[in-house]
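Residue-level structure breakdown
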Amino acid sequence: MISRRHLLHLGGLTALGATLPGSTLRAFAQRPTPPRRLIVISHCHGWPYSAWKMRPTGRSEDESWALDLKSLPRDAFSQPLAPLYEHRHRVLALDGLSLATAELDIGGNRHDRGWIHAWTGNNADFAARDTRSTSASLDQLVAAHTAQPDRLPSLELSVDAALEAGRPIAYNPSGVRLPAESTPLKAWERVFGPASSGDVVGQRRRRTLDFAYNEYRQLAPRLGPAERARLESHFGLVERLGHRLEGLATLACHAPPRPAASFEQYDKRFDAFSDIIATAFSCDITRVVSLSLGEMPTAEFGAAAISDKVHKGIAHYIHDDAEKHAAMTDYVQYHGEQVARLVSTLEAMPDVGGGSMMDNTLIIWGSELGDGWHGYSRYCPVLIGGSWAFNAGRYLYWPHQTPAEMRVPSQILTGGSTRVSGLPHQHLLVSVARAMGLEVDHVGLSHVRGQRGDFIDVSGPLPGLTA
Amino acid sequence: MSWVTCLPTLGRWVFAFAAVLAFGVGAPNVATGQTPSATPPSGSAPLALTPAEYNNTIADLLGLPRDGARWPARSALADALSPRRTASKGVFLPPPPPPVWPWRFPAEPGSEGFEGIAQGQSPSSYQVEELHLAAMHFASFVLESPTFFICTDWATLPARQQESCGWTSLERFARRAYRRPLRPDEQERLAAFWTTNIAAGPIDMAVALTAAGILQAPPFHFRVDPDASASAPSQWELASRLSYFLWDSMPDDALFEAAETSQLVDRAGMERQARRMLEDPKARTAIVHFHHQWLGTDKVTLVAPARRAFGPRFGLTPRVKDASNDDLKWPAVMGPVRYSMKYETELFVEQTIFDGAGTFQALMTDHRGYMSDATAPIYGANARRIPGGTTVTRPIELVVASIGRQQDLTLYQAEFPRSERAGVLTLPSVLALGAYAVQPGPILRGKRVLERLACMHLGTPIQGAEAALPPDTLTVTSTNRERTAAATRPATCNTCHRQINPPGFAFEHYDAIGAWRAQDNGQPVDASGTLVLGDGEEITFTDGVDFAHQLATSERVRNCYVLHWTRYALGDRLAAATPGLEALQAGFRNDDSIKTLLVSIAGSALFRTGPSGVPGGTP
């Protein structure tokens, strides 16, 4: 059998009581430092920039500036950002970024290319039967860094409708998309199932790992030092993998109620996932979650009279039709309300040390596009939390000055192309990676060349987040 | 009957053991399975199977083709054992299901540009998890394998006979997976594992789980040789060494037979096997794989030339008219182009080595090759399809408009002007990889020549070097050579660039997608220069074709090619002065045949014993 020495630290969790949050507190009482957690949220079709942006009077478009959100009244918030008003002290709204490298890459559909660049910071690989990235996504980089040997490194979830489902935002280091679980019940079974209802498959898989590890132990005395050292490094990891399977199966954690088999409402599915995320965090089952928000039924945000499809019925016409622009504003606001509820859920759960779960969580909320027209120019991500790393409660603006040409509709700019882009979003990925403890200088690409041949450095963090 | 089927297991062990004794290894203790030697040989780090080797070995072990499309579908048993890898959906339609073979592992960090070098292999949690999932996935296919069971109609046998056949089949499977006979203690533990799995039932699950254990055990994933003596590897290890060198896969029955009957004890025996193996189609794939790594051309499907520069050559406007539909046209054009570049490289290498002159000279200078309709605009009007020449159809996969597509690409033999093409360095794949989106990259191209062909180490560029390069733009007022020379003229740059630039400028007749050009920005191309290689060897050339011809006869370049191959064969980052290497390099000077070189490496003391077994080598 695989030795169980690494399982000792599970003792705190196996002694949990019956209720949250008290049981959670007891579990973490044995953990001196709360873990840092990351949630990546990606909704579709970008933002209606003119409605999203905030422009108090006297602010220049040509210089960087920061706005203190904490002192603003509710009605000073733009409509899409208004749902985050209650959490404004945790918010960093970022105005002045672009998915510039996605514009410079070739291949594929602009959505597919956008997902890869937005979340891996790297070029896409379309020379296969499905879209691949050329490096791991942000969540997977962080998961590899924060993973515990006996728990899930990450959890991939998606909320979507039957059509146009499963937006890919998580990619493993081989560039393969990680499938996301779109059913709360299945996600619940993955997270809490092994401990709740037995894990027959996990037991079988563990047996094969035990056999392999034991073969190594029997072989080891026959090997020279160099051979033994090489095999020890490999089979030490095999042993850890066995611990993970065992750890999840023996975990005692008060799971949330088993969710319904299906949900009629997109909104309710989001909330069901929120409960799973919050409890998975409180039990420290995982520290990284990616949540892909797919096509939302138009009736849920009051746009059914315009079209029954966000993508082809509304998003594409965001610059052509004022009614559809307003509908996309409602759409982003609706997603904002969902995100705000997730933040509230995490704020309501105490964490070790007396704070809330949200005090040790960082949410990065982005998209695969700048806007529904398939533009990459105006990319408007929001950070929520990450208080240990960022000076939150601000709206930050940077003028577009990067020498990359970005496509925009001709009704926005004659000629259909800008001369410059916003700051490449890779800087944001670096900031988040560093906040989560990775010592990296770049995520994905480190530099590119603009259409006019200029060298564009996309390494290093975004300026001003910690100021 | 093959070695794996003809004798009872214990007798097989004793027989093999007798052969091993001939090399002076002490008898194992039957109870512990350990040799009486108090101190194990120090050895070197064992090689793990590379991703390519793993997948090839799995296919050969299961007797299934090296083509996932021809594998049986994943069974319910596979779903029960490991999560199905369903690819996420794109925007519109789900892509076709991922192939059941090969498994997509993380790439090795590599060493000297090659995988399968001990110094470039290090485990990661992710890799170990993938190996586990792959083992669970492939283990379910033993039940679908045409070669796994020793009995027929296993599924309909009575339970006790099923159990007996299952065990005997697994025992043979383990011997082939471990690429050597099982030691008695290994056999005992395997039997115990099998018994445990049967008790947990059902029996088909027990077969698969036992196979999954075998596929994760050290002797499968690692090339460990516990039976090596102080001075020589075992015959079994030599068989594996040969097969992974020339086939990227496990030995076949004939090679196992040769190991069992001690035919690999000397140069003659090793060379005999190597010659036989080079006639097998598996050698073609493996040798092409080596050259992809040598040249870096397996990454050519990622090159991204700009539409604004090359769109008109393929019938498109330079600028995209709208972001939704017109934006998809360039990727649709470039997909087949990139695949064609890759396949043209493979076909050129394979045909030159196996069906053509077979020489290094031809590899570096032959003006014939392959092209397709996709790459015809690159080769231009001077390319001539060879009448009656071979036509090859290869599959390509593309994602266009978020939809995965599979189609065929037809390539045909062609002859190119001798003044334009000469060997691997003028293949569009090599040239496009040595370029930016718009302009050729003489620094990238020069670096490749120095590092990959001349085995010269250039070190790391100074900070900011990349940013100091001239803008990669169409709107220029001078030639690419002039701009590059100006950008690298400062003394801090020129220390290295006086050496890097000339071999790059040699290929200025080729644009960023590898098309030949007489002029650059309205000026006649100047591709002349002089390169001083290490050892003081000087090459003065007029253009890329002339340069390639001279590189083909350069002693340093030829020695470097032998060094790469020998490192690859041994899986060891050998020093250039490793004893035993010079003899191989001298032989290659006298006989230009690449196949002869590979046979010589296989027969060399360096290959058979490693550096420590060669006089003057590392103890």
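Residues numbered from 1 in each chain as written. Chains lettered and ligands numbered in written order. Predicted model: local features only at pLDDT ≥ 70, side-chain atom pairs only at ≥ 80, totals over all residues. Heavy atoms only, no water.

Another point: the sheet that holds strand 10 (residues 382–385) of chain A. Adjacent strands of a sheet pair through backbone hydrogen bonds, lying either parallel or antiparallel. All names here are of chain A. Overall, mixed pairing links the eight strands, which are arranged 2-11-3-10-9-1-8-7 in an open sheet. One side of each edge strand has no neighbouring strand; the edge strands of this open sheet are strand 2 (65–68) and strand 7 (155–159). When the angles between neighbouring strand axes are averaged without regard to direction, this sheet yields 15°. Bridge count for strand 7 against strand 8 (residues 288–293) is five bridges, and the pairing is parallel. By the bridge assignment for strand 8, Val 159 is matched with Leu 293. Set on the sheet, helix 10 (residues 266–282) makes contact with strand 1 (37–43), strand 7, strand 8 and strand 9 (361–367); between it and strand 7 the angle comes to about 165°. (Pairing = 2+ DSSP bridges. Helix = DSSP H or I, 4+ residues; strand = E, 2+ residues; numbered from the N terminus. Axes fitted to C-alpha atoms, helices over the stretch in contact; angles between N-to-C directions. Contact = heavy atoms within 4.5 Å.)

Time to look at the packing of helix 5 (residues 159–178) of chain B against helix 7 (residues 203–216) of chain B. All names here are of chain B. The geometry of helix 5 relative to helix 7 is characterised by a closest axis approach of 10 Å and an angle of 15° between their N-to-C directions. The pairing of helix 5 with helix 7 is recorded here as roughly parallel in orientation. In this structure, helix 5 meets helix 7 at a crossing whose hand is right-handed. Contact residues: Gln 162, Glu 163, Leu 170, Phe 173, Ala 174, Ala 177 and Tyr 178 in helix 5; Ile 203, Val 207, Thr 210, Ala 211, Ile 214 and Leu 215 in helix 7. Of the residues belonging to the contact of helix 5 with helix 7, the class tally is ten nonpolar, two polar and one charged. (Parallel < 35°, antiparallel > 145°, perpendicular 65-115°, else oblique. Left-handed = near helix turned anticlockwise from the far one by under 90°. Nonpolar A, V, L, I, M, F, W, Y, C, P; charged D, E, K, R; others polar.)

Moving on: the pattern of salt bridges. All chains considered together, the criterion is met by 49 salt bridges over all chains. Residue A:Asp284 pairs with A:Arg287 through a salt bridge whose shortest N-O separation is 2.9 Å. Each member of the pair, A:Asp284 together with A:Arg287, is buried. A salt bridge links B:Glu582 to B:Arg589; the nearest nitrogen and oxygen atoms lie 3.0 Å apart. The partly exposed category is assigned to B:Glu582, whose relative accessible area is 48%. Of the residues examined, B:Arg589 reaches a relative accessible area of 35% and is grouped as partly exposed. Through salt bridges with shared partners, a single network forms among A:Glu215, B:Arg183, B:Asp185 and B:Arg189. (Salt bridge = Lys/Arg side-chain N within 4 Å of Asp/Glu carboxyl O. Buried < 20%, exposed > 50% of the residue type's maximum accessible area, 1.4 Å probe, protein only.)

Residues and elements named next belong to chain A. For strand 1, the buried fraction is high: seven of the seven residues fall into the buried class. What you see with strand 1 is no split at all: Arg 37, Ile 39, Ile 41 and His 43 on one side and Leu 38, Val 40 and Ser 42 on the other are buried throughout. The pairing of strand 1 with strand 9 spans seven bridges and is parallel. Within the sheet, the bridge partner assigned to Ile 41 lies in strand 9 and is Trp 365. Of the pairings in the sheet, the one linking strand 1 to strand 8 comprises six bridges and is parallel in character. The partner of Val 40 across the bridge, within strand 8, is Ser 290.

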